[in-house]
Amino acid sequence: MADSNPSPKTFPVSWEELHRNAKALAWRLIEGRSWHGIIAIARGGLVPAAIIARELDLRVVDTICIKSYSDDHSRGDIRILKNIVNPGDGDGWLIIDDLVDTGYTAKAVRELLPKAHFATVYAKPAGKPMVDTYITEVSQDTWIYFPWDVEPQFAQPLATQRRG
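A short tour of the structure in this document, coming up. (Residues numbered from 1 in each chain as written. Predicted model: local features only at pLDDT ≥ 70, side-chain atom pairs only at ≥ 80, totals over all residues. Heavy atoms only, no water.)

This brings us to the pattern of salt bridges. One pass over the structure, following the stated rule, counts ten salt bridges. Here arginine 59 makes a salt bridge to aspartate 57, at a shortest N to O gap of 3.6 Å. With respect to burial, arginine 59 and aspartate 57 carry one shared label: exposed. (Salt bridge = Lys/Arg side-chain N within 4 Å of Asp/Glu carboxyl O. Buried < 20%, exposed > 50% of the residue type's maximum accessible area, 1.4 Å probe, protein only.)

If you want it as structure tokens, here you go:
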């Protein structure tokens, strides 16, 4: 069973930071292209997809629901819980997710929609080749805590953590 903190480094993301980075992603996606709509990878891609849909004035938003992590942060088999209806090969569609980590989920979605444009807010080195556009790269050994995953609480200073 995996640790509750599987990586030595953590990167907490605030609502404001996520919104700012999703809007920056929209700026990159608006250039020179019109889109049929967005396919959000649920659950992590839902919030960034809503922000990007607003910024690009897109009204067609669908979801693909995939489970690739168990509840203890361990990667499991890819399970498609809900697929999209009739996007063809994905040409003209945006796939939005919060993060590409190992590329495991992205690869499964790419196989379904090979011509879609895949964009994420955050990217780790192992998954980066699977996406077309991203905003922020973080190291592979960093666990990102998104605002919907955390509650405010006291955190030990880094120096104290190293001594302990």
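Moving on: the side chain of arginine 110. One can find arginine 110 in helix H3 (residues 104-112). Setting aside anything within four residues of it in sequence, one finds arginine 110 in contact with Ala116, Phe118, Met130, Val131 and Asp132. (Helix = DSSP H or I, 4+ residues; strand = E, 2+ residues; numbered from the N terminus. Contact = heavy atoms within 4.5 Å.)

Okay, the side chain of histidine 117 next. Mapped onto the secondary structure, histidine 117 falls in strand E6 (residues 117-123). A polar contact of 2.7 Å, which involves the side chain of histidine 117, links it to the side chain of threonine 133. Each residue touching histidine 117, except ones within four places of it in the same chain, is listed here: Leu29, Trp35, Trp93, Leu94, Ile95, Asp132 and Thr133. (Polar contact = N/O pair within 3.5 Å; in protein donor to acceptor, adjacent residues only side chain to side chain.)

This part takes up the pairing of strand E5 (residues 93-100). Counting buried positions over the eight residues of E5 gives eight, a clear majority of the element. Pairing of strand E2 (residues 37-42) with E5, which is carried by four bridges, proceeds in the parallel orientation. Within E5, the residue paired with glycine 37 across the bridge is tryptophan 93. Bridge count for E5 against E6 is six bridges, and the pairing is parallel. Residue leucine 99 lies in a different strand from E6, and its bridge partner there is tyrosine 122. Viewed along the sheet, the connection from E5 through H3 into E6 turns out right-handed. (Pairing = 2+ DSSP bridges. Right-handed = clockwise from strand over helix to strand, strands pointing away.)

Such coordinate-based values are descriptive only and should not be taken to indicate function.
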